Each structure stands twice: as C-alpha cells, then as structure tokens.
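One-letter residues, chain by chain:
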Amino acid sequence: MYRIVGGRGTGKTYHLLKKANERQGTVICSNPQAMRAKARSWGFTDIKDFVDFKSIGSIENNSSVFIDELEQYIKEQFGRETPICGYTYTFEEEEKYENN
C-alpha cells in the first residue's frame, strides 16, 4: 500500500496519480472530471477510471483503488455533520499490497 503524506502543495496528488497510472487503477476523489484533466495534463493516460466519493459501488472488484484525500472521503461516507475525531491504521500487510 502506498501512503502519501505531506503538506498542501507538496505533490501528493501527483504521486498518487503516478501510482494509479502504473497500476492502471481507479482513483476515488471529490471531483473526477477535474482529477481526470489533471492526470491527462501530467501525461497519466493509463488510469482505469475516476470515481467520486458517492459512487464507489461502481468500482470493479479487481481494480486497484487509490483514494485522494482519505479524511475527506471518510467524512463523505459518514456525512459532513459527523465529526471524525481520529482513526488508526495498522501497517501489517505491507508486502501483500506492494507486490500486487
């Protein structure tokens, strides 16, 4: 699994799109049209699809999934009025995802 962490304007989205392009994955994001245009402008033409936060049910089971702005995605799933105050993430299965 790829974790891209950094401040605003540090290239996180570029690196996410690069990995999605390499894996011919699907990108989940808040604005698929804008993200598709951004990917094309950077030369990333092998990304399978761009899906908004509300349409994740349309993603194929075998697709590699890349989420832009994970915390925003979580808030969308729970509703904007529900405060997400924290979460954990366990790094256990690193190699499983890296080698796929």
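Residues numbered from 1 in each chain as written. Predicted model: local features only at pLDDT ≥ 70, side-chain atom pairs only at ≥ 80, totals over all residues. Heavy atoms only, no water.

What follows covers the packing of aromatic side chains. In the structure shown here, the tally under the stated rule is three aromatic pairs. On the numbers, 5.3 Å between centres and 50° between planes, the contact of tyrosine 14 with phenylalanine 44 is tilted. Placement of tyrosine 14 in helix H1 (residues 12–23) and of phenylalanine 44 in the loop between helix H2 (32–41) and strand E2 (49–52) is noted, with a sequence separation of 30 residues between them. Taken together, the aromatic side chains of Tyr14, Trp42 and Phe44 make up a single cluster linked through ring pairs. (Phe/Tyr/Trp six-rings, centres within 6.5 Å; stacked < 30°, edge-to-face > 60°. Helix = DSSP H or I, 4+ residues; strand = E, 2+ residues; numbered from the N terminus.)

Residues of helix H3 (residues 70–78) that are buried: Tyr73, Ile74 and Glu76. The arc enclosing the buried residues of H3, seen along the axis, measures out at 160°, which places them on a common side. Tucked inside the fold, the buried residues of H3 contact strand E1 (26–29) and strand E3 (65–67). (Buried < 20%, exposed > 50% of the residue type's maximum accessible area, 1.4 Å probe, protein only. Arc of directions from axis to C-beta. Contact = heavy atoms within 4.5 Å.)

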